[in-house]
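Coordinate analysis (summary)
As a plain string of letters, each chain reads:
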Amino acid sequence: MAKTSSQGLQDLFLDGLKDIYYAEKKILKTLPKMAKSASDAAVSQAFEKHREQTEGHVERLEEVFAMLEKAPRGKTCPAIDGIIEEGSEIMEEYKGTPAIDAGLVAAAQAVEHYEMARYRTLCAWAEELDMPDAAKLLKTTLDEESETDATLAQLAESDANQRALQKAA
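Here is a short report on the structure shown in this document. Predicted model, so just to flag it, every value in this text is computed and none were measured.

Re the packing of aromatic side chains
- For the structure shown, the criterion picks out 1 aromatic pair.
- On the basis of an interplanar angle of 80° and a centroid distance of 5.5 Å, the ring pair of Tyr 21 and Phe 65 is categorised as edge-to-face. Placement of the pair is Tyr 21 in helix H1 (residues 2-37) and Phe 65 in helix H2 (residues 41-67), with a sequence separation of 44 residues. The same class applies to Tyr 21 as to Phe 65, namely buried.

Digging into the nonpolar core
- By size, the foremost hydrophobic cluster in this structure holds 49 residues, and its most contacted members are Phe 13, Leu 17, Met 34, Phe 47, Ile 80 and Leu 138.
- Of all elements in the fold, only H1, H2, helix H3 (78-93), helix H4 (100-128) and helix H5 (132-168) reach the threshold of two or more residues within this core.
- The residues touching Met 34, leaving out its near neighbours within four places in the chain, are Phe 47, Met 91, Leu 104, Ala 107 and Ala 108.

Considerations on the side chain of Glu 112
- Here Glu 112 lies in helix H4.
- One buried charged residue, Glu 112, remains without a salt bridge, the closest side chain of opposite sign being Arg 120 at 10 Å.
- Every residue in contact with Glu 112, bar those within four places of it in the chain, is listed here: His 50, Glu 145, Thr 148, Asp 149 and Leu 152.

Quick word on the packing of H2 against H4
- At their nearest, the axes of H2 and H4 sit 12 Å apart, and the two run at 20° to each other. When the axis of H2 is compared with that of H4, the two are roughly parallel. Remark: the crossing between H2 and H4 carries left-handed chirality. Between H2 and H4, the residues in contact are Val 43, Phe 47, His 50, His 57 and Leu 61 and Asp 101, Leu 104, Val 105, Ala 108, Glu 112, Glu 115 and Tyr 119, respectively.

Let's talk about the packing of H3 against H4
- H4 packs onto H3 with a crossing angle of 175° between their chain directions and a minimal axis gap of 9 Å. By the angle between their directions, the pair H3 and H4 is classed as roughly antiparallel. In this structure, H3 uses Ala 79, Ile 80, Ile 83, Gly 87, Ile 90 and Met 91 to contact H4, whose residues at the interface are Ile 100, Gly 103, Leu 104, Ala 107, Ala 110, Val 111 and Tyr 114.

Cut-off values and rules
- Residues numbered from 1 in each chain as written.
- Predicted model: local features only at pLDDT ≥ 70, side-chain atom pairs only at ≥ 80, totals over all residues.
- Heavy atoms only, no water.
- Phe/Tyr/Trp six-rings, centres within 6.5 Å; stacked < 30°, edge-to-face > 60°.
- Helix = DSSP H or I, 4+ residues; strand = E, 2+ residues; numbered from the N terminus.
- Buried < 20%, exposed > 50% of the residue type's maximum accessible area, 1.4 Å probe, protein only.
- Core = buried A, V, L, I, M, F, W, Y, C linked by side-chain atoms within 4.5 Å.
- Contact = heavy atoms within 4.5 Å.
- Lys, Arg positive; Asp, Glu negative; His and termini not counted.
- Salt bridge = Lys/Arg side-chain N within 4 Å of Asp/Glu carboxyl O.
- Axes fitted to C-alpha atoms, helices over the stretch in contact; angles between N-to-C directions.
- Parallel < 35°, antiparallel > 145°, perpendicular 65-115°, else oblique.
- Left-handed = near helix turned anticlockwise from the far one by under 90°.

Spelled out as structure tokens, the structure:
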């Protein structure tokens, strides 16, 4: 009985890896656009820094795939596609307005929250599957995602939201 549940969990784990791998690849393509769309240098720099981190996230995921002896492959993720589409709408609708940075930060936080939820689950599953090396790699990425979310929140609360509010008034 335990073998069946472990096998099922391993399948879920692999599907989750494919999902987040797809998401990270999509995010890699989107972050430069967000950085370019930002009007504030600090917001743009935050997106550039996260793009560099995301390259590391992809590499770590590839290591986890290798541990499973599977080729790294993404699986279409409608959730991240929708979140990224919302960000694209913000870039189009608020381009050149005082609200662009606040909107971009909010869109990026939606991405971060999705990623944090996925990585938290994958960490738990890796531990259940007795894959401590995979859990450690995934936890490192989860920690980076959490740090990015905190940075984005600080940018929004200390500057971007205020600029949007003041200039809009």
